[in-house]
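Reading the structure
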Amino acid sequence: MRAAAACDPNCQNADLSGANLYDANLFAANLTRANLTDANLARANLAFANLTGANLTGAALFGADLTRANLLAADLTDANLTNAILTGATLTGADLT
């Protein structure tokens, strides 16, 4: 079963730390302030997702599609963004250290 079933389109404030969401379809999902610390989001479809204030510390986002995603004030500290698609993504105030 795909991990996408672990989260419906509205996962606002959800604790998904350490979740395996590899190749998940989270298109336009509301992940506002979600805890995705150390989550595996490799190859996930997060296009148009709202990740405002989300904690993505240490998340694996390699190959993820973040086209036009809202990452306003998101914490991406130590996140792996190798080959991630960030076309049109909002990164204002995001921590990319």
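Presented here is a report on the structure given in the accompanying data block. Everything numeric in this text was worked out from a predicted model, so none of it was measured.

Okay, the overall build of the protein chain next. What the protein chain contains, in helices and strands, is zero helices and zero strands. Here the C-alpha atoms of the protein chain give a radius of gyration of 11 Å, agreeing with the 13 Å that 2.2 N^0.38 yields for 97 residues. Considering only C-alpha atoms, the protein chain reaches an extent of 35 × 25 × 20 Å along its principal axes. If you take every contact in the protein chain between residues at least 6 apart in sequence, the share linking residues at least 24 apart comes to 1%. In the structure as shown, the protein chain presents an accessible area of about 4,800 Å², 50% of it carried by carbon and sulfur atoms.

Together, L86, L91 and L96 give the surface a local cluster of nonpolar side chains, amounting to about 220 Å² of exposed area. Note on L86: relative accessible area 30%, which makes it partly exposed.

Moving on, we come to the pattern of salt bridges. If you walk through the whole model with that rule in mind, you get one salt bridge. In this structure, the salt-bridge partner of R43 is D23, at a minimum N-O distance of 4.0 Å. Judged by its relative accessible area of 21%, D23 falls in the partly exposed class.

The subject of this paragraph is the side chain of T32. On the basis of relative accessible area, T32 is assigned to the buried category, the value being 8%. Among the polar contacts made by the side chain of T32, one reaches the side chain of N30 at a distance of 2.6 Å. Once you skip the residues sitting within four places of it in the chain, T32 turns out to touch Q12, N13, N50 and T52.

Glancing now at the environment of T87. Assessed through its relative accessible area of 55%, T87 is described here as exposed. Measuring from C-alpha to C-alpha, the distance between T87 and T67 comes to 4.9 Å, with 20 residues separating the pair along the chain.

It is worth spelling out unusual backbone geometry at this point. Here the phi dihedral of N13 falls at roughly 65 degrees; this positive angle occurs in a residue that is not glycine. Since its relative accessible area comes to 49%, N13 is described here as partly exposed. Positive phi, close to 55 degrees, is recorded for R33, a residue that is not glycine.

Here is what the cut-offs are and how they apply
- Residues numbered from 1 in each chain as written.
- Predicted model: local features only at pLDDT ≥ 70, side-chain atom pairs only at ≥ 80, totals over all residues.
- Heavy atoms only, no water.
- Helix = DSSP H or I, 4+ residues; strand = E, 2+ residues; numbered from the N terminus.
- Rg over C-alpha atoms; globule rule 2.2 N^0.38 Å.
- Contact = heavy atoms within 4.5 Å.
- Areas by Shrake-Rupley, 256 points an atom, 1.4 Å probe, with all protein chains shown as cover.
- Patch = residues over 30% accessible without salt bridge, like charges linked within 9 Å, V, L, I, M, F, W, Y side chains within 5 Å.
- Salt bridge = Lys/Arg side-chain N within 4 Å of Asp/Glu carboxyl O.
- Buried < 20%, exposed > 50% of the residue type's maximum accessible area, 1.4 Å probe, protein only.
- Polar contact = N/O pair within 3.5 Å; in protein donor to acceptor, adjacent residues only side chain to side chain.

None of the figures reported here should be taken as evidence of function without further support.
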